[in-house]
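Tertiary structure, described
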Amino acid sequence: MVLGEARITEEGLADLRSRIGKIYNITPNREAVTLDAIRRFADGIGDRNPLWTDPAYAAGTRFKANLAPPTFPFSVFLCSGNTVGGLPGVHGFFGGAEWEWSRRIYLDDVISVTFRPTDVVEKDSSFAQRTVIVYGEAHYYTQRGELIARTCGWTIRAERKAARERGKYSGIKKALYTSEELAAIYEAQRKEQRRGGAPRYWEDVQEGEELSPIVKGPLGIEEMVNYRGACHSGESHVFRLRHMRRHPAWGFRDPRTGGLQSIGQVHEQDVAAGGAGIPSAYDLGPQRICWLGHLVTTWMGDDGFLKKMYAEIRRFNMFGDTQWIKGKVARKYLQDGERLVDLDIWAENQRKEVTAPGRATVWLPSLDVSTLPFHK
């Protein structure tokens, strides 16, 4: 196989655990919240909300300028266990994230980050038997020291050989759609409903009601290139060479050309993904979490505020797959004077498999003018 292979050892686990609590110096992928950065992020996740991208529209809102989507910090720094390093040659894939926001993200904010690993947990898995989950925590701040958000992200480390031998995904074939199926997918995307400037009042929400789905896919190289370019830094040319010399297990030799490639090619090349027991190139987990965020912000409207979101990446979203991003109202309630709504949210592929279950908590405006003011 083209990817390097290694075992999870007690020495490797001890090394990982020695890093728990250490504060890491983070160089963000980006710091300034510019209109170009917001637009690239919105394009990368397929979110056409003009509050993010259209200055004329934003000027007519109470914010008077563009905002960034709540999940924009993913493009500043991807908080995951991969930041910790360790276990060279053992595959790592994003397992999920838990977010809590304290304020909105405004045009011209400048974002800084702190990060520390928080835990290392061993777990048996149907994918590769023995796995390790590495947790990390990040805080995002404005240039004024205001907390924007806190997140916990985790990475699952799995032995590649064990994953191939267990063959959890070996029977899965790439999707092949009929013309009618494709037409239905594209029509659903065209008819995407956005609440926008019409407030969704808390009083009008009913427990059990379903959110209008958002459709993403079929996933292909263009979606991956656009997302990675907008949201995640990468290394190329001499910078990639230097990194691979320091971390040989991070790369592999492309069997078609003989050239060195990074492990990130599992998101673009089937031959790389196959080395980890996955039959096709697949998405980055944060991509789907951003799609879940897109669903929530589209439903709640411009005046709502996404307070919390949690999501797990349960299955790979492989090239050719289509994801229906769905949700329903689980609960509405008053807490500390706030009108809140809990949502069950999830991504579901064309095989009817739930690939990313999650939940979210949203603050909504009220018809009662005596309620708390809008969030920042």
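This text goes with the structure placed above it.
Quick look at the structure, then. (Residues numbered from 1 in each chain as written. Predicted model: local features only at pLDDT ≥ 70, side-chain atom pairs only at ≥ 80, totals over all residues. Heavy atoms only, no water.)

Here the focus is the pairing of strand β13 (residues 354-363). Along β13, seven of the 10 residues are buried, which leaves the element largely enclosed by surrounding structure. Of the strand pairs in this sheet, strand β10 (residues 305-312) and β13 are connected by six bridges, and their pairing is antiparallel. Within the sheet, the bridge partner assigned to Phe-305 lies in β13 and is Trp-363. Pairing between strand β12 (residues 338-349) and β13: nine bridges, direction antiparallel. Its bridge partner being in β13, Asp-344 is matched across the sheet by Arg-359. Counting the residues that bridge the hairpin from β12 to β13 gives four residues, and of these Lys-352 lies at a positive phi of roughly 70 degrees. (Buried < 20%, exposed > 50% of the residue type's maximum accessible area, 1.4 Å probe, protein only. Helix = DSSP H or I, 4+ residues; strand = E, 2+ residues; numbered from the N terminus. Pairing = 2+ DSSP bridges.)

Let us now look at the sheet that holds β13. Strand pairing in a sheet relies on backbone hydrogen bonds, with the paired strands running either antiparallel or parallel. With antiparallel pairing, nine strands are arranged side by side in an open sheet as β4-β5-β6-β2-β10-β13-β12-β11-β7. Taken across any chain shown, the strands that pair with only one partner, and hence form the sheet edges, are β4 (112-125) and β7 (214-216). Pairs of neighbouring strands in the sheet enclose a mean axial angle of 20 degrees, with direction left out of account. Relative to strand β6 (residues 147-158), strand β5 (residues 129-141) runs antiparallel, the two being bridged by 11 bridges. Across the sheet, the residue bridging to Val-134 is Thr-155, located in β6. (Axes fitted to C-alpha atoms, helices over the stretch in contact; angles between N-to-C directions.)

Moving on, we get to the layout of surface pockets. Approximately 200 Å³ is the volume found for the second largest pocket. What lines the second largest pocket is Asp-43, Gly-44, Ile-45, Gly-46, Lys-216, Gly-217, Glu-222, Glu-223, Asn-226, Gln-287 and Trp-291. Looking at the lining of the second largest pocket, the elements with two or more residues in it are α2 (35-45), α8 (221-231) and α11 (285-300). Within the lining of the second largest pocket, the residues separate by chemical class into two nonpolar, five polar and four charged. (1 Å grid on protein atoms, 1.4 Å probe; cavity = no way out; pocket = protein on both sides within 12 Å on 5 of 7 lines; lining within 4 Å. Points joined across faces, edges and corners; volume = space filled by probe spheres on them. Nonpolar A, V, L, I, M, F, W, Y, C, P; charged D, E, K, R; others polar.)

So, on to the pattern of salt bridges. In this structure the tally under the stated criterion is 26 salt bridges. Residues Arg-144 and Asp-109 are paired through a salt bridge, measuring 3.4 Å at the closest nitrogen-oxygen approach. Of this pair, Arg-144 sits in the loop between β5 and β6 while Asp-109 sits in the loop between β3 (105-106) and β4, placing them 35 residues apart in sequence. Note on Asp-109: relative accessible area 3%, which makes it buried. Each of Glu-10, Arg-17, Glu-122 and Arg-130 takes part in salt bridges that share partners, so that together they form one network. (Salt bridge = Lys/Arg side-chain N within 4 Å of Asp/Glu carboxyl O.)

Quick look at the packing of α8 against α11 now. Packing of α8 against α11 leaves a shortest axis separation of 11 Å and a crossing angle of 85 degrees. Our classification of the angle between α8 and α11 gives roughly perpendicular. Contacts between α8 and α11 involve Glu-223, Met-224 and Tyr-227 from the former and Pro-286, Gln-287 and Cys-290 from the latter. For the contact of α8 with α11, the residue count by class is four nonpolar, one polar and one charged. (Parallel < 35°, antiparallel > 145°, perpendicular 65-115°, else oblique. Contact = heavy atoms within 4.5 Å.)

Let us look at empty space enclosed by the protein. Evaluated as defined, the whole model comprises one cavity of 30 Å³ or more. Reported here for the largest cavity is a volume of approximately 170 Å³. Lining the largest cavity are 18 residues, and of these Trp-52, Ala-68, Pro-70, Arg-104 and Met-300 sit closest to its centre. When residues of the lining of the largest cavity are traced back to their parent elements, those giving at least two are α3 (50-53), β1 (67-68), α11 and β10. The residue makeup of the lining of the largest cavity, split by class, is 11 nonpolar, four polar and three charged.

Structural measurements only, silent on function.
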